[in-house]
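Structure at a glance
One letter stands for each residue in the lines below.
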There are 2 protein chains.
Amino acid sequence: MTDFAATRALFHLPPGVTYLDGNSLGPMPIAAQDRARRVVVEEWGDLLIRGWNAAGWMAAPARVGDRIARLIGAPQGSVVMGDTLSIKVYQALASALAMRPDRRVVLSDSGNFPTDLYMAQGLLASLGSDYRLKVVAPEDVADAIDESVAVTLLTEVDYRTGRRHDMPALTEKAHGAGALAIWDLAHSAGAVEVDVSTGRADFAVGCTYKYLNGGPGAPAFIYVAPEHHDAALPALSGWMGHAAPFAFDLDYRPGKGIERMRVGTPAVIALAVLDAALDAWEGVEMTDVRARSIALSEAFIAGVEARCPDVTLASPRDPRARGSQVGFRHPQAYAVMQALIVEDVIGDFRAPDILRFGFAPLYNDMADVERAVTVLADILSTGRWDRPEFHARQAVT
Amino acid sequence: MTDFAATRALFHLPPGVTYLDGNSLGPMPIAAQDRARRVVVEEWGDLLIRGWNAAGWMAAPARVGDRIARLIGAPQGSVVMGDTLSIKVYQALASALAMRPDRRVVLSDSGNFPTDLYMAQGLLASLGSDYRLKVVAPEDVADAIDESVAVTLLTEVDYRTGRRHDMPALTEKAHGAGALAIWDLAHSAGAVEVDVSTGRADFAVGCTYKYLNGGPGAPAFIYVAPEHHDAALPALSGWMGHAAPFAFDLDYRPGKGIERMRVGTPAVIALAVLDAALDAWEGVEMTDVRARSIALSEAFIAGVEARCPDVTLASPRDPRARGSQVGFRHPQAYAVMQALIVEDVIGDFRAPDILRFGFAPLYNDMADVERAVTVLADILSTGRWDRPEFHARQAVT
């Protein structure tokens with residue numbers, strides 16, 4: 001059994017704060033502090049350029065990728081770190097479309113995180129007017145898969161409601177129609193049991209600053225199924241993905257396996273901090289994480305529904321159909337969330353009307369659930385969310 | 001006059017090391033250490049998700065971009081940070097090609113840094129078989145500009161020899177032929193006087209871990225000339241470049257001005273470290289930097305040519321035709337450089353036969369030049385570079 005009291009102790013959780021926004025930005029693992037100091041002072045400072053070999057910077061994207069692989073059911077050597085999730089979505093989609101040159105439709109859904117749709121729109125506009133991004137309601141995806149579809153581009157867990165797609169079933173349907181399947185695991189990795197191998201994903205991408213606690217703007221990851229390692233071309237063909245980066249050839253030759261999905265110079269400091277954050281997952285079983293996630297979420301839903309008549313559940317009621325976050329609707333959700341944050345219960349608002357709360361089993365516990373329910377109930381019953389300052393929008397909401 | 005003794009004191013330079021590789025990775029500014037601690041511990045650790053507003057993370061790409069703008073002659077509001085140089089090359093090129101829809105040729109040269117060529121190859125392959133990357137010798141670029149050319153994609157300062165293109169002249173020629181000009185400033189920013197405004201560059205891109213000392217894998221920058229701000233579409237159309245990122249619209253709408261060139265979630269920790277590194281440029285005049293760069297380079301060339309008959313100058317002899325680095329050829333350049341590094345004179349090797357030395361006026365001085373000349377002369381005259389261990393190639397050379 002995973003010892004969650006021990007994992008909670010690995011994080012810096014500011015006193016008095018109930019943090020239910022790890023689905024947006026995970027808290028700082030205490031180990032990140034010293035690791036940041038070491039990579040800056042001891043590696044960059046003292047080794048200078050020699051750090052690329054002596055401190056293992058050059059190999060870090062694949063080495064850290066292997067640590068992510070274990071958490072998403074991917075074999076070693078099939079995940080590499082780099083760039084942002086938006087860039088990795090573009091790269092996976094461009095690569096997949098080139099593998100289905102006779103098809104023109106990318107299928108996604110309206111519950112996808114917008115940047116996935118935006119990146120697809122930008123790519124398809126460049127490829128030509130015959131390409132089309134088809135966006136259907138999440139529940140209509142399965143029926144929309146037909147032999148016109150080149151690629152399905154889906155986020156497994158909805159960023160607002162936590163609604164979870166059935167990855168194996170949809171992937172099987174896509175493959176049956178001759179399409180490839182890209183899965184965005186932004187709200188899955190570290191939150192639910194993911195198995196890209198049995199799920200037969202062709203590509204998977206994700207970020208590491210949510211449940212993996214890599215820090216603001218931490219590098220993204222990309223998985224390519226081993227059977228595609230020779231066929232998948234990176235589209236964003238940068239020198240770090242070249243077969244021999246330091247030969248400085250004038251022509252691109254893709255590197256071996258997943259290495260070709262590297263693009264530019266790796267973000268060494270950010271990778272080191274992420275690496276330290278991943279230490280928290282050593283010895284952690286994802287089955288335990290999932291069980292605890294469901295226990296916390298179910299307790300939160302029960303508590304809110306018992307004590308907060310003004311909100312309605314936006315997430316699926318069946319925990320098997322949810323990820324690790326819970327959304328409730330309220331017509332003034334923005335102001336309500338601001339009032340919660342002022343009282344140190346931190347979730348977030350997602351337009352137009354969702355209060356979103358993430359439950360991260362590595363550091364959240366039942367005391368967090370109880371405090372969040374109590375404060376939310378009190379704010380709603382007293383109406384003290386309805387102050388002018390809580391309605392004023394900030395740049396990032 | 002810039003006080004270079006004062007700027008040198010801002011850097012951590014390991015005792016005994018003569019560091020002439022700041023054109024690959026600048027040394028650690030002492031201020032970076034505390035800034036890294038603050039962004040990790042005080043911002044991420046204590047503010048958590050609130051850091052996006054309270055610590056100014058969301059605005060950092062444009063704010064830091066404005067600091068770079070001053071160093072490259074760009075107006076405020078025309079430079080933004082993000083991603084890697086490879087990604088920014090792709091973005092600039094895709095954007096520029098879309099602005100010349102009736103043309104199919106991208107003109108570059110064989111002295112360009114390979115990743116620029118690789119990214120162009122990847123992009124053009126996706127756009128269709130009628131697109132062509134034309135690569136000529138650097139001295140033939142001017143003559144190769146004709147009305148078939150959509151975009152010139154050139155690196156101002158050659159990464160091996162320091163040979164410097166005439167940006168205003170080539171840009172004027174490109175414009176005369178109806179083409180757009182993209183300039184890669186990787187080896188220019190912080191090294192030579194750059195003025196993208198009088199040089200009339202349409203797009204410029206660069207990295208910040210060389211002469212700008214932002215740390216390994218620090219974020220890149222992109223400049224778009226103000227007259228193109230409405231016409232230039234980002235191609236990599238991520239949510240951070242959306243007109244309203246937190247509206248979560250399903251359709252992409254480009255943001256205002258240079259903001260649209262943002263793609264994904266910014267690398268907050270790396271940006272903070274870079275921001276601290278840029279403090280070193282406060283009060284520094286680029287004319288002083290350039291004068292000192294030439295003085296150091298000329299002294300180095302004179303010393304090496306007087307005392308090292310086995311090497312030949314690979315760089316232009318006229319300092320006006322060079323950037324801030326000097327290359328010398330030696331048939332066993334790799335082994336010679338390893339021998340230098342072992343004796344704490346750090347330059348680097350560039351295939352096939354170049355010893356490369358960068359001179360960064362903010363921290364290099366004449367004592368560095370003298371020691372480098374002395375050790376190089378001694379290694380060459382004694383032949384002590386010719387040991388088996390100096391011929392063994394490492395991953396990064």
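So, here is what we can say about the structure in this document. For clarity, every value in this text was computed on a predicted model and none was experimentally measured.

Rules used in this analysis
- Residues numbered from 1 in each chain as written.
- Chains lettered and ligands numbered in written order.
- Predicted model: local features only at pLDDT ≥ 70, side-chain atom pairs only at ≥ 80, totals over all residues.
- Heavy atoms only, no water.
- Helix = DSSP H or I, 4+ residues; strand = E, 2+ residues; numbered from the N terminus.
- Rg over C-alpha atoms; globule rule 2.2 N^0.38 Å.
- Buried < 20%, exposed > 50% of the residue type's maximum accessible area, 1.4 Å probe, protein only.
- Right-handed = clockwise from strand over helix to strand, strands pointing away.
- Pairing = 2+ DSSP bridges.
- Contact = heavy atoms within 4.5 Å.
- Axes fitted to C-alpha atoms, helices over the stretch in contact; angles between N-to-C directions.
- Parallel < 35°, antiparallel > 145°, perpendicular 65-115°, else oblique.
- Left-handed = near helix turned anticlockwise from the far one by under 90°.
- Nonpolar A, V, L, I, M, F, W, Y, C, P; charged D, E, K, R; others polar.
- Core = buried A, V, L, I, M, F, W, Y, C linked by side-chain atoms within 4.5 Å.
- Least-squares fit on C-alpha atoms with pLDDT ≥ 70 in both.
- Expected span 1.5 Å × (residues − 1).
- Buried area = accessible area lost by both parts, 1.4 Å probe.
- Salt bridge = Lys/Arg side-chain N within 4 Å of Asp/Glu carboxyl O.
- Polar contact = N/O pair within 3.5 Å; in protein donor to acceptor, adjacent residues only side chain to side chain.

Here we look at the overall build of chain A
Along the backbone of chain A there are 13 helices and 13 strands. Scaling as 2.2 N^0.38, a compact globule of 397 residues should have a C-alpha radius of gyration of about 21 Å, and chain A matches this with 22 Å. For the C-alpha atoms alone, the extent of chain A along its principal axes is close to 70 × 55 × 45 Å. Of all 397 residues assigned to chain A, the portion counted as buried reaches 66%.

Things to note about the pairing of strand 3 (residues 105-109) of chain B
Successive side chains on a regular strand alternate, one facing one side of the sheet and the next facing the other. Residue and element names in this part refer to chain B. Counted residue by residue, strand 3 has 5 buried out of 5 residues, so it is predominantly covered. The alternating pattern of strand 3 places Val 105, Leu 107 and Asp 109 and Val 106 and Ser 108 on opposite faces, both of which are buried. Where the polypeptide runs from strand 3 across helix 6 (residues 114-127) and back to strand 4 (residues 132-136), its parallel neighbour, the crossover connection is right-handed. Examined bridge by bridge, strand 3 and strand 5 (residues 149-155) share 3 bridges and lie parallel to one another. Considered in strand 5, the bridge of Val 106 is made with Val 151.

Concerning the sheet that holds strand 10 (residues 325-329) of chain A
Note: strands within a sheet are paired through backbone hydrogen bonds, in either parallel or antiparallel orientation. Residues and elements named next belong to chain A. Within the open sheet, the 4 strands sit side by side as 9-10-13-12. Their pairing is antiparallel. Taken across any chain shown, the strands that pair with only one partner, and hence form the sheet edges, are strand 9 (312-313) and strand 12 (348-350). Where strand 10 and strand 13 (residues 354-358) come together, 5 bridges link them in antiparallel fashion. Paired with Gly 327 across the two strands is Arg 356, which belongs to strand 13. Each of strand 12 and strand 13 is contacted by helix 11 (residues 333-342), which is oriented at about 40° to strand 13, the strand it contacts most.

Side note on the packing of helix 10 (residues 286-307) of chain B against helix 12 (residues 366-382) of chain B
Residues and elements named next belong to chain B. Across the interface, helix 10 lies against helix 12 with an axial gap of 9 Å and an inter-helix angle of 20°. Taken together, helix 10 and helix 12 sit at an angle that is classed as roughly parallel. Judged by the sense of rotation from one axis to the other, the crossing of helix 10 with helix 12 is right-handed. In contact with Ala 295, Leu 296, Ala 299, Phe 300, Gly 303, Val 304 and Arg 307 of helix 10, helix 12 contributes Met 366, Val 369, Ala 372, Val 373, Thr 374, Leu 376 and Ala 377. Taken together, the residues of the contact of helix 10 with helix 12 break down into 11 nonpolar, 2 polar and 1 charged.

Re the nonpolar core
Judged by nonpolar contacts, the single largest core of 304 residues is most densely connected at Ile72(A), Leu97(A), Phe300(A), Ile72(B), Leu97(B) and Phe300(B). Filtering out sequence-adjacent residues up to four positions away, Leu97(B) remains in contact with Val106(B), Leu123(B), Leu124(B), Leu127(B), Tyr131(B), Ala150(B) and Val151(B).

Examining the relation of the copies chain B and chain A
Each copy of the sequence occupies a distinct position, and chain B is placed on chain A by a rotation of 180° and an axial shift of 0.0 Å, giving an RMSD of 0.0 Å. Here the two chains are linked by the operation of a two-fold rotation axis. Same-surface contact between copies: 100% of interface residues of chain B are shared with the interface of chain A.

Some remarks on helix 10 of chain B
For helix 10 of chain B, built from 22 residues, the straight-helix expectation of 32 Å at 1.5 Å per residue is met to within 8% by its first-to-last C-alpha distance of 31 Å. Taken as a whole, helix 10 of chain B has its buried residues at Met286(B), Asp288(B), Val289(B), Arg290(B), Ser293(B), Leu296(B), Ser297(B), Phe300(B), Ile301(B), Gly303(B) and Val304(B).

Quick notes on the interface of chain B and chain A
Taken together, the contact pairs 80 residues of chain B with 80 residues of chain A. Summing both partners gives a buried area of about 6,900 Å² for chain B against chain A, and 69% of it is carried by carbon and sulfur. Summed over the shared surface of chain B and chain A, the number is 2 salt bridges. With a shortest N-O distance of 3.5 Å, Arg50(B) and Asp344(A) are connected by a salt bridge. Taken together, the connections running from chain B to chain A amount to 31 residue pairs in polar contact (both at pLDDT 80 or more). If you list the elements that add at least two residues to the side of chain B that touches chain A, you get helix 2 (30-47), helix 3 (51-54), helix 5 (85-98), helix 6 and helix 9 (268-278) of chain B. With 10 residues, helix 6 of chain B is the largest single contributor of residues to the side of chain B that touches chain A. Split into classes, the residues belonging to the side of chain B that touches chain A amount to 48 nonpolar, 24 polar and 8 charged.

Note that all results are geometric; they support no functional claim without further evidence.
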